[in-house]
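For reference, the chains in residue letters:
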Amino acid sequence: MALKVKAVEKKVKFSKTDEGVWRWVMSPDLYIALSQEKVIKEAALRSGVSRGVMQACWDAAREVIKAWATEGHSVASNDVKHQK
């Protein structure tokens, strides 16, 4: 995976009444996504789960995220082990 970023000067405002300040903000310039197959293969190797099982898990998670996102839910990326 590669991520190329560039700095862009933008006026940053924190409210509608705020005048804002000019700051350099990093933004992605080029992003090359990992292939689904590569992610599944690596996750299977690291977890000790077969690639077929990992593919089924990947497909199920993708469907859940699509369903929840279309229902208006946010999908957090936090580690659930640390949530109480």
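All of these numbers come straight from a predicted model, not from anything done at the bench.

A. The arrangement of the pattern of salt bridges in detail. Within this structure, the stated rule accounts for five salt bridges. Between Arg-62 and Asp-59 there is a salt bridge, with its nearest N and O atoms 3.1 Å apart. Taken together, the residues span about one helical turn, with Arg-62 and Asp-59 both in helix 2 (residues 51-70) at a distance of three residues. The class of Asp-59 is partly exposed, set by a relative accessible area of 27%. For the salt bridge of Lys-66 with Glu-63, the shortest nitrogen-to-oxygen distance reads 3.2 Å. With Lys-66 and Glu-63 both in helix 2, this residue pair falls three residues apart, about one helical turn. The structure contains a network of salt bridges with shared partners spanning Asp-59, Arg-62, Glu-63 and Lys-66.

B. The arrangement of the environment of Val-8 in detail. Note on placement: Val-8 falls in strand 1 (residues 2-12). The spatial distance from the C-alpha of Val-8 to the C-alpha of Met-26 is 6.3 Å, given a sequence separation of 18 residues. Val-8 has contacts with Arg-23, Trp-24, Val-25 and Ser-27, leaving out every residue within four places of it along the chain.

C. Examining helix 2 more closely. Compared with an ideal rise of 1.5 Å per residue, which puts 20 residues at 28 Å, helix 2 spans 28 Å between its outermost C-alpha atoms and is within 8% of the ideal. Once helix 2 ends, the next one or two residues include Gly-72, with phi positive near 95°.

D. Representation of the side chain of Ser-27 within the structure. For Ser-27, the location among the structural elements is in strand 2 (residues 21-32). Accessibility expressed as a relative area gives 15% for Ser-27, which makes it buried. Other than its neighbours up to four places away in sequence, Ser-27 contacts Lys-4, Val-5, Lys-6 and Val-8.

E. Structural view of the packing of helix 1 (residues 36-47) against helix 2. Contact geometry of helix 1 with helix 2 gives a least axis separation of 9 Å together with a crossing angle of 120°. Viewed along their axes, helix 1 and helix 2 adopt a mutual orientation that is oblique. Considering how the two elements wind past one another, helix 1 and helix 2 form a crossing that is right-handed. Of the residues in helix 2, those in contact with Gln-36, Glu-37, Val-39, Ile-40, Lys-41, Ala-43, Ala-44 and Ser-47 of helix 1 are Arg-51, Met-54, Gln-55, Trp-58, Asp-59 and Arg-62.

Analysis parameters
- Residues numbered from 1 in each chain as written.
- Predicted model: local features only at pLDDT ≥ 70, side-chain atom pairs only at ≥ 80, totals over all residues.
- Heavy atoms only, no water.
- Salt bridge = Lys/Arg side-chain N within 4 Å of Asp/Glu carboxyl O.
- Helix = DSSP H or I, 4+ residues; strand = E, 2+ residues; numbered from the N terminus.
- Buried < 20%, exposed > 50% of the residue type's maximum accessible area, 1.4 Å probe, protein only.
- Contact = heavy atoms within 4.5 Å.
- Expected span 1.5 Å × (residues − 1).
- Axes fitted to C-alpha atoms, helices over the stretch in contact; angles between N-to-C directions.
- Parallel < 35°, antiparallel > 145°, perpendicular 65-115°, else oblique.
- Left-handed = near helix turned anticlockwise from the far one by under 90°.

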